[in-house]
Amino acid sequence: TVRPKNEVEQKQLCAFGEYMAEILPKYIQQVQVTCFNELELLIHPDGIIPVLTFLRDHTNAQFKSLADLTAVDVPSRQYRFEIVYNLLSLRFNSRIRVKTYTDELTPLDSAVSVHKAANWYEREVWDMYGVFFANHPDLRRILTDYGFEGHPFRKDFPLSGYVEV
Amino acid sequence: QTTGLVGLAVAENPHERLRILYTKILGVLQNIPKDAAYRKYTEQIVNQRFNLVQTETDVQKLEDKLNSGRIEEVIVQAENELSLARKMIQWKPWEPLVEEPPSDQWRWPI
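All of these numbers come straight from a predicted model, not from anything done at the bench.

Quick notes on the rules
Residues numbered from 1 in each chain as written. Chains lettered and ligands numbered in written order. Predicted model: local features only at pLDDT ≥ 70, side-chain atom pairs only at ≥ 80, totals over all residues. Heavy atoms only, no water. Helix = DSSP H or I, 4+ residues; strand = E, 2+ residues; numbered from the N terminus. Buried < 20%, exposed > 50% of the residue type's maximum accessible area, 1.4 Å probe, protein only. Contact = heavy atoms within 4.5 Å. Axes fitted to C-alpha atoms, helices over the stretch in contact; angles between N-to-C directions. Parallel < 35°, antiparallel > 145°, perpendicular 65-115°, else oblique. Left-handed = near helix turned anticlockwise from the far one by under 90°. Nonpolar A, V, L, I, M, F, W, Y, C, P; charged D, E, K, R; others polar. Pairing = 2+ DSSP bridges. Buried area = accessible area lost by both parts, 1.4 Å probe. Salt bridge = Lys/Arg side-chain N within 4 Å of Asp/Glu carboxyl O. Polar contact = N/O pair within 3.5 Å; in protein donor to acceptor, adjacent residues only side chain to side chain.

*Asks:* Just give me the short version of the overall build of chain A, but keep the residues and values in it.
*Replies:* Assigned secondary structure in chain A consists of 3 helices and 7 strands. Mapped in sequence order, the helices and strands of chain A form the string α-β-β-α-β-β-β-β-α-β. Principal-axis analysis of the C-alpha atoms gives chain A an extent of 55 × 40 × 30 Å. Taking all 165 residues of chain A together, 47% fall into the buried category. Of all intrachain contacts in chain A linking residues separated by at least 6 positions in sequence, the fraction that spans at least 24 positions is 48%.

What follows is the structure, given as structure tokens:
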């Protein structure tokens with residue numbers, strides 16, 4: 001069986017994506033809608049806080065809830081880490097994904113000033129990937145052991161680690 | 001009488017409050033260049049809501065017409081829009097793109 005295509009929702013998401021691209025051309029590099037009706041905004045890293053505050057505060061896009069903050073490691077790229085924010089709008093019942101990129105050494109702006117929920121998620125991304133967040137209130141390790149060296153989720157970190165257990 | 005929502009007190013005189021907020025937003029929007037899409041769309045939304053607030057005096061009917069939850073939530077949303085407009089003046093998002101990504105950045109599958 002094949003998932004039924006929801007054309008109406010796809011059109012609405014495309015229209016909303018164009019609306020976003022028209023309002024924020026300074027930071028949005030690309031907008032795409034997946035075949036499963038998921039809207040993705042691809043952002044320049046300088047525009048994290050402007051885009052997230054816009055999505056939270058604007059009347060047409062009240063994405064008040066940060067559902068997830070993760071990172072993806074693609075070592076072959078120049079900017080290897082891709083940070084993904086998943087937002088949910090309770091007023092309009094829709095989700096949106098915001099993606100940024102960074103390499104190992106460039107810090108990103110912390111989303112904590114926009115969404116308080118980003119606190120532990122950013123600690124996890126720092127611990128697992130090594131992406132530094134500037135203006136984070138308390139950036140320390142959260143999942144690894146106390147003296148652990150290395151960032152486990154990176155693709156060049158071996159599966160069973162460097163230390164024998 | 002209550003709003004039914006935790007933490008939001010009932011607003012006495014919501015029409016006055018909304019009127020003040022919407023005039024403030026429109027005043028702040030004058031500082032943005034006229035051709036910016038943000039200014040155009042926000043003015044459209046604010047004027048629409050402003051007209052509805054001015055023509056409709058009954059609170060319940062106003063809530064139904066605005067179709068955006070309780071009137072207190074509409075007030076909170078207007079305050080958010082005002083703070084966003086002030087921040088937009090600093091960030092200036094209507095300028096062209098800051099920097100193009102590397103050509104393989106957003107290619108998927110790699």
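*Asks:* So what's going on with the packing of helix α2 (residues 37-55) of chain B against helix α3 (residues 59-66) of chain B? Which residues, and what values?
*Replies:* Residues and elements named next belong to chain B. Put simply, α2 and α3 touch, their axes get as near as 10 Å, and they point 155° apart. One element, α2, and the other, α3, form an angle in the roughly antiparallel class. The handedness of the crossing between α2 and α3 comes out as right-handed. Each of R49, L52 and V53 in α2 lies in contact with α3, whose residues at this interface are L62, K65 and L66. Of the residues belonging to the contact of α2 with α3, the class tally is 4 nonpolar, no polar and 2 charged.

*Asks:* Would you mind going over the pairing of strand β1 (residues 28-33) of chain A in detail, with residue names and values included?
*Replies:* Residues and elements named next belong to chain A. Two strands pair when backbone bridges link them, and β1 and strand β2 (residues 39-43) are joined in this way by 5 bridges, in the antiparallel orientation. Paired with Q32 across the strands is E40, a residue of β2. In textbook terms, the turn of a hairpin is the stretch between consecutive antiparallel strands, and for β1 and β2 this stretch comprises 5 residues, one of which, N37, has a positive phi near 60°.

*Asks:* Give me the lowdown on the sheet that holds strand β5 (residues 94-102) of chain A, citing residues and values where you can.
*Replies:* Residues and elements named next belong to chain A. Spatially, β1-β2-β5-β4-β3 is the arrangement adopted by the 5 strands of the open sheet, whose pairing is mixed. A strand with exactly one partner marks an edge of an open sheet, and here the two such strands are β1 and β3 (65-73). Strand-to-strand twist in this sheet, taken as the mean axis angle between neighbours without regard to direction, amounts to 20°.

*Asks:* Hey, could you go over the interface of chain B and chain A for me, with residue numbers and the actual values?
*Replies:* One frequently used descriptor of interface size is the decrease in accessible area upon assembly of the parts. Listed as interface residues are 35 residues of chain B and, on the opposing side, 35 residues of chain A. Note on chain B versus chain A: buried area summed over both sides is about 3,000 Å², and carbon and sulfur give 58% of it. The three residues of chain B that bury the most area against chain A are W91, Q105 and W106 of chain B, which together make up 24% of that side's buried surface. Inspection of the chain B/chain A interface yields 3 salt bridges. One salt bridge in this structure joins K26 of chain A and E95 of chain B, with 3.3 Å as the shortest N-O distance. Scanning the region where chain B abuts chain A turns up 17 residue pairs in polar contact (both at pLDDT 80 or more). Secondary structure elements with two or more residues in the side of chain B that touches chain A: α2 and α4 (71-91) of chain B. Along the lines of polarity and charge, the residues of the side of chain B that touches chain A split into 17 nonpolar, 7 polar and 11 charged.

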